[in-house]
Amino acid sequence: MKAYNWRFFHSDSLQQLLIAYCCILLSTAFLQGCAAPIRKPVPEELVKTVQLLELDSIRSFIEPGETLHLNFFSGSLGPVLEKYSQSGNVLTLLALSGGGDSGAYGAGFLNGWTAAGNRPQFDIVTGISTGALMSPFAFLGSGSDEQLKAVYTGISAKNIYEVRGLREMMAIRDAIANSSPLAQLLEKYVTIETIKQIGMEHKKGRRLFVGSTHLDSGRLVVWDMGAIALSGHPEAPQLFRDIMLASASIPIAFPPVYISIEEEGKRYDEMHVDGGLINQVFGIETLAHLMSKRKETVGTIKARVYMIRNSEITTSYQQVPKRIIAIAGRTVDIMINSQSIGDIFRNYVVARSAGVEFFLTGIPDDFEKESPEAFDTGYMNALFEVGYKKGNSTDQWETAPPGLQEIMTTQ
């Protein structure tokens, strides 16, 4: 299994910096009573009701066991579902997973899929973490393939983050590095014109969703990016990019994205981080649920979902050095991969029960190239080529998670 988030900590210099930071932080806690930088979080009773930029229906908190978020999706996806009701045409959803720099696989696959000549125009695109970074380009289609390729093959770690000095780390205390280079990269590639194009596609009835983790509430927040783009609000482009940055902001490594809120004349801030903390992929379950409900009253909709997993789908063997950072990193990798496998299996079962066709791809198990550090250019280029060949092949997809197809067939 290729390391996901924790490859960031694998270099000796960063490990030494992290250990030094922790030691100083502990010393400071004893001497100064844990004084910390101050923020103004949104009060709990206002979390779900505050509006950003005075815009309605641009996001929803996903509450486990509750269905309130379905009202949001029903409103947003209603025109899409209506378009396909009894039409005979196939509704398509593309779900892009997390995976850090391994997003190069998905970028390569999409480019290869275009070359294969059978890539559809997706009605719905969802993205988490690195999937959020590639989602606008995937949404706009093959015309954005070159930008997508450039983002994942022409960059290195210096284009993503800058490691903070100990003094800066102690003063700010929310991350080991700052992500200002990634913010600048987003500004370069996710232009005002790009955002306008997404808004126009939203107006035509297509949908783009990105997920981030609202750290105070511990909830996944799903953002309707097309609605934000179409709003025309002067601050909408910055919010659009902030959401993308937040969805890819690995906690501890990168700082949270603080989104400013004004409510009843008071200023607050929301703290958003990597959406992959909660889900590695999303959207399929909600679509299947809404389709099932409409089937009872309107009729059957034909739908097909494509899931690009920007990592290996199964956990592979890896020898772990006798070092605390290595043990911690491997532990987190296993936790994330187990969560990902659970997401894949759950979405497959839900899609199948709703009559939705399911297609899955992920990094092949025989890809062996190792990365010396996060966002290594050589690693990403090699992975892009693997994705490209897979996307341009005759066996692009699996129709079930590994092992499950055999189980379902024998029942």
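If you're wondering where the values come from, they're calculated on a predicted model, not measured in any experiment. (Residues numbered from 1 in each chain as written. Predicted model: local features only at pLDDT ≥ 70, side-chain atom pairs only at ≥ 80, totals over all residues. Heavy atoms only, no water.)

A. Up close: the packing of aromatic side chains. A complete count under the given rule lists 17 aromatic pairs for this structure. Where F359 meets W397, the ring centres are 6.3 Å apart and the plane angle is 65°; that geometry is what we call edge-to-face. Residue F359 is found in strand β11 (residues 357–362), and its partner W397 is found in the loop between α13 (377–391) and α14 (404–410); the two are separated by 38 residues along the sequence. No difference in accessibility class separates F359 from W397, as the two residues are buried. Following the ring pairs from residue to residue traces out a cluster consisting of Y105, F109, W113, F122, Y306, F359 and W397. Sitting above the plane of the F139 ring, R206 keeps its charged end 4.1 Å from the centroid. (Phe/Tyr/Trp six-rings, centres within 6.5 Å; stacked < 30°, edge-to-face > 60°. Helix = DSSP H or I, 4+ residues; strand = E, 2+ residues; numbered from the N terminus. Buried < 20%, exposed > 50% of the residue type's maximum accessible area, 1.4 Å probe, protein only. Lys NZ or Arg CZ within 6 Å of the ring centre and 35° of its normal.)

B. Structural context of the side chain of T286. Structurally, T286 can be placed in helix α11 (residues 284–297). Overall, the relative accessible area of 12% leaves T286 in the buried class. Among residues more than four places away in sequence, those in contact with T286 are L70 and F73. (Contact = heavy atoms within 4.5 Å.)

C. Geometry of the environment of S340. Along the chain, S340 falls in helix α12 (residues 324–353). Put simply, S340 and G276 are 64 residues apart on the chain and 9.1 Å apart in space, counted from C-alpha to C-alpha. Not counting chain neighbours up to four residues away, the residues in contact with S340 comprise Q280 and R309. Within the structure, the side chain of S340 is placed 3.0 Å from the side chain of R309, a separation counted as a polar contact. (Polar contact = N/O pair within 3.5 Å; in protein donor to acceptor, adjacent residues only side chain to side chain.)

D. Structural context of the pattern of salt bridges. Applying the stated criterion across every chain, the model contains 12 salt bridges. Its salt-bridge partner being R59, residue E270 comes within 2.7 Å of it at the nearest N-O pair. Residue E270 is located in strand β9 (residues 266–274), and its partner R59 is located in strand β1 (residues 59–62); the two are separated by 211 residues in the primary sequence. For the salt bridge of R119 with D145, the shortest nitrogen-to-oxygen distance reads 3.0 Å. Placement of R119 in the loop between α3 (103–116) and β3 (124–128) and of D145 in helix α5 (residues 145–153) is noted, with a sequence separation of 26 residues between them. On the basis of relative accessible area, R119 is assigned to the buried category, the value being 14%. A cluster of three or more residues bridged by salt bridges with shared partners is formed by R39, D216 and D269. (Salt bridge = Lys/Arg side-chain N within 4 Å of Asp/Glu carboxyl O.)

E. Quick look at the packing of α3 against helix α4 (residues 130–140). Running from N to C, α3 and α4 cross one another at 20°; their axes reach a closest spacing of 9 Å. It follows that α3 is roughly parallel to α4 by the angle criterion. Considering only the axes of α3 and α4, their crossing is right-handed. Across the interface between the two elements, G103, G106, A107 and L110 from α3 touch T130, M134 and A138 from α4. (Axes fitted to C-alpha atoms, helices over the stretch in contact; angles between N-to-C directions. Parallel < 35°, antiparallel > 145°, perpendicular 65-115°, else oblique. Left-handed = near helix turned anticlockwise from the far one by under 90°.)

F. Just the nonpolar core, in detail. Core analysis: the largest hydrophobic core is formed by 74 residues, its most contacted members being L94, M225 and F240. Sorting elements by how many residues they give to this core places helix α10 (residues 236–247) first, with seven residues. With sequence-adjacent residues up to four places away left out, M225 is seen in contact with L208, F209, V210, F240, I243 and M244. Ranked by size, the runner-up nonpolar core spans 34 residues in total, among them F72, L91, L93 and V305. (Core = buried A, V, L, I, M, F, W, Y, C linked by side-chain atoms within 4.5 Å.)

G. Here's a closer look at the packing of α4 against α5. It is the contact of α4 with α5, at a shortest axis distance of 9 Å, that shows an interaxial angle of 155°. When the interaxial angle is binned, α4 and α5 end up roughly antiparallel. Helix-helix and strand crossings are classified by hand; for α4 and α5 the assignment is right-handed. Packed against α4, whose contacting residues are T130, L133, M134 and F137, the element α5 presents Q147, L148, V151 and Y152 at the interface. Considering only residue class, the contact of α4 with α5 consists of six nonpolar, two polar and no charged. (Nonpolar A, V, L, I, M, F, W, Y, C, P; charged D, E, K, R; others polar.)

H. Structural context of helix α7 (residues 180–189). When α7 is considered as a whole, its buried residues turn out to be P181, L182, L185, L186 and Y189. Viewed along the axis of α7, the buried residues span an arc of 145°, placing them on a single side of the element. Exposed and facing more than 90 degrees away from the buried side of α7 are Q184 and E187. (Arc of directions from axis to C-beta.)

I. Main features of α13. The terminal C-alpha atoms of α13 lie 21 Å apart, and with 15 residues this matches the ideal 21 Å at 1.5 Å per residue to within 8%. The inward-facing, buried residues of α13 contact α3 and α5. Its side-chain oxygen 3.2 Å from the backbone nitrogen of G378, D376 forms the N-cap of α13. (Expected span 1.5 Å × (residues − 1).)

J. Highlighting the pairing of strand β10 (residues 302–309). When you tally the buried positions in β10, you get six out of eight residues, the bulk of the element. Bridging between strand β2 (residues 90–96) and β10 involves seven bridges; their strand directions are parallel. Within β10, the position partnered with L91 by the bridge is A303. Looking at chain direction, β10 and β11 are connected through six bridges and run parallel. Looking at the pairing, V305 lines up with F358 of β11. (Pairing = 2+ DSSP bridges.)

The quantities given are spatial measurements derived from coordinates; they are silent on function.
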